[in-house]
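The chain contents come next:
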Amino acid sequence: MSDDTARTAGPPSAAATACATATVTTARGDRVTYDLRGTGPAVVFVAGAGPFRAVDPVTTRTAEILAAAGVTTVVYDRLGRGDSPAAGRLDLDRELDAVAAVLDVAGGPAVLCGHSSGCAISLRAADRGLPVLGLALWEAPLESGAGETAAWAAEIERRIDAGDLEGATEHFMKDMPPEWLAGAKASPEWPAIAASVVSQRADAQALTWATRALRDGELSGIQVPLLAMTGTRTFPGMPEAAADLASAVPDGTAETVAGADHSWDPEAMGDRLARFVLE
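Below you will find a few notes about this structure. (Residues numbered from 1 in each chain as written. Predicted model: local features only at pLDDT ≥ 70, side-chain atom pairs only at ≥ 80, totals over all residues. Heavy atoms only, no water.)

Now for the overall build of the protein chain. Across its full length, the protein chain carries 10 helices and 10 strands. In terms of overall size, the protein chain behaves like a compact globule, its C-alpha atoms giving a radius of gyration of 18 Å where 279 residues would be expected to give roughly 19 Å. Based on the C-alpha atoms only, the size of the protein chain along its principal axes is roughly 50 × 40 × 35 Å. Of all 279 residues assigned to the protein chain, the portion counted as buried reaches 54%. In the protein chain, the share of contacts with a sequence separation of at least 24, taken over all contacts with a separation of at least 6, comes to 71%. The averaged location of the 38 negative side-chain charges in the protein chain is 3 Å from the averaged location of its 22 positive side-chain charges. (Helix = DSSP H or I, 4+ residues; strand = E, 2+ residues; numbered from the N terminus. Rg over C-alpha atoms; globule rule 2.2 N^0.38 Å. Buried < 20%, exposed > 50% of the residue type's maximum accessible area, 1.4 Å probe, protein only. Contact = heavy atoms within 4.5 Å. Lys, Arg positive; Asp, Glu negative; His and termini not counted. Charge placed at Lys NZ, Arg CZ, Asp CG, Glu CD.)

Written out as structure tokens, the structure reads:
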């Protein structure tokens, strides 16, 4: 792997908390673009389905807050999104190679902060033995049964393979609030949104694995601290899923943090993540 950015040592300062944007090459030759901020113990943000740096100011603001608190942060565009273009089959194994590359950028072992289906990718990274020091997971959507999730994911992959990207996007969003899909389809960005569903094969595969692993007790092998968070206004099933995750690992905690509609409040999340990482 190659990294285009040199890290800075020393206490937080204006220079240390500035953003350095660069790319790193994965073991498979994919180029991943990321923003690096701060110095100190590291957090890597793993987005869920859809977001990337240019359209995710909440994660960017959270990273800025953490950098000011003495934490190295890495926010990257997942494969097939934003400034990380990638062709071909974007499956979970390929996405995990991207996670490994950005962990190198962070300077070694780091906390993974997963959002939504990014929680499942983060869990799989820890399970695979990547250098993960802890897991901070925001609203992992693991409340469905393993069989139901597997069937849902298989249909997404079938539609992607058939070239029905709009259909795959609609199926991916079928259990989300209906106004989310309606808003996406009414947007002039709908063709681009649908085209990006090829990057969500990894999300579907990760959710299939994580839901089954949660049911079968496989997550007990994850030996790092896990913080499962939900917002103060969230969807049915999310608090229960967080509690299930926290109880499935040897060192797990479930908490409520300020946030609504599947998104966190940057100041509250920055404070909680700083305490999780630094303590």
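Glancing now at the packing of helix α2 (residues 92-105) against helix α3 (residues 117-127). At a minimum axis separation of 10 Å, α2 and α3 run at an interaxial angle of 75°. As the angle between them shows, α2 and α3 are arranged roughly perpendicular. In this structure, α2 uses Leu92, Glu95, Leu96 and Val99 to contact α3, whose residues at the interface are Ile121, Arg124 and Ala125. Looking at the contact of α2 with α3 residue by residue, the class counts come to 5 nonpolar, no polar and 2 charged. (Axes fitted to C-alpha atoms, helices over the stretch in contact; angles between N-to-C directions. Parallel < 35°, antiparallel > 145°, perpendicular 65-115°, else oblique. Nonpolar A, V, L, I, M, F, W, Y, C, P; charged D, E, K, R; others polar.)

Take the environment of Asp265 next. Along the polypeptide, Asp265 turns up in the loop between β10 (263-264) and α10 (266-278). Along the primary structure Asp265 and Thr62 are separated by 203 residues, whereas in three dimensions their C-alpha atoms are 8.4 Å apart. Asp265 has contacts with Ala258 and Gly259, leaving out every residue within four places of it along the chain. Looking at Asp265, its side chain comes within polar contact range of the main-chain nitrogen of Ala268, at 2.8 Å. (Polar contact = N/O pair within 3.5 Å; in protein donor to acceptor, adjacent residues only side chain to side chain.)

Here we take up the pattern of salt bridges. Where side chains of opposite charge bring their charged atoms close, a pairing between them can arise. If you walk through the whole model with that rule in mind, you get 24 salt bridges. Among the ionic pairs, Asp216 bridges to Arg215, the shortest N-O distance being 2.7 Å. Shared partners join several salt bridges into a network, and the residues in it are Arg89, Asp91, Glu157, Asp161 and Arg201. (Salt bridge = Lys/Arg side-chain N within 4 Å of Asp/Glu carboxyl O.)

Along the chain, His171 falls in helix α5 (residues 165-172). Relative accessible area serves as the criterion here: at 13%, His171 is assigned to the buried category. Distance from His171 to Phe52, taken between C-alpha atoms, is 21 Å for residues 119 residues apart in sequence. Not counting chain neighbours up to four residues away, the residues in contact with His171 comprise Trp152, Glu155, Ile156 and Arg159.

Moving on, we come to the environment of Asp261. Its location among the elements puts Asp261 in the loop between β9 (252-260) and β10. On the accessibility criterion, Asp261 (41% relative accessible area) is partly exposed. As for Asp261 and Pro177, which are separated by 84 residues in sequence, their C-alpha atoms are 9.7 Å apart. The residues touching Asp261, leaving out its near neighbours within four places in the chain, are Trp180, Arg233 and Phe235. One polar contact links Asp261 to Arg233, side chain to side chain, over a distance of 2.7 Å.

With that out of the way, let us pick up unusual backbone geometry. Of note, the phi angle at Glu139 is positive, near 50°, even though the residue is not glycine. Position of Glu139 relative to the elements: it lies in the loop between β7 (132-138) and α4 (146-161). Not every positive phi belongs to a glycine, and Asp261 is a case in point at roughly 55°.

Look at any regular strand and the pattern is simple: side chains alternate between the two faces of the sheet. Burial analysis of β7 places 6 of its 7 residues in the buried class, the great majority of the element. Pairing of strand β6 (residues 110-115) with β7 involves 6 bridges; the strand directions are parallel. Pairing of Val111 across the sheet is with Gly134, part of β7. Between the parallel elements β6 and β7, the chain passes through α3 in a crossover that is right-handed. Where β7 and strand β8 (residues 226-233) come together, 4 bridges link them in parallel fashion. Bridge assignment links Trp138 to a residue of β8, and that residue is Met229. (Pairing = 2+ DSSP bridges. Right-handed = clockwise from strand over helix to strand, strands pointing away.)

Here we come to the side chain of Arg201. Topologically, Arg201 is positioned in helix α8 (residues 201-216). Within the local environment of Arg201, its side chain forms a polar contact with the side chain of Glu157, the two groups lying 2.7 Å apart.

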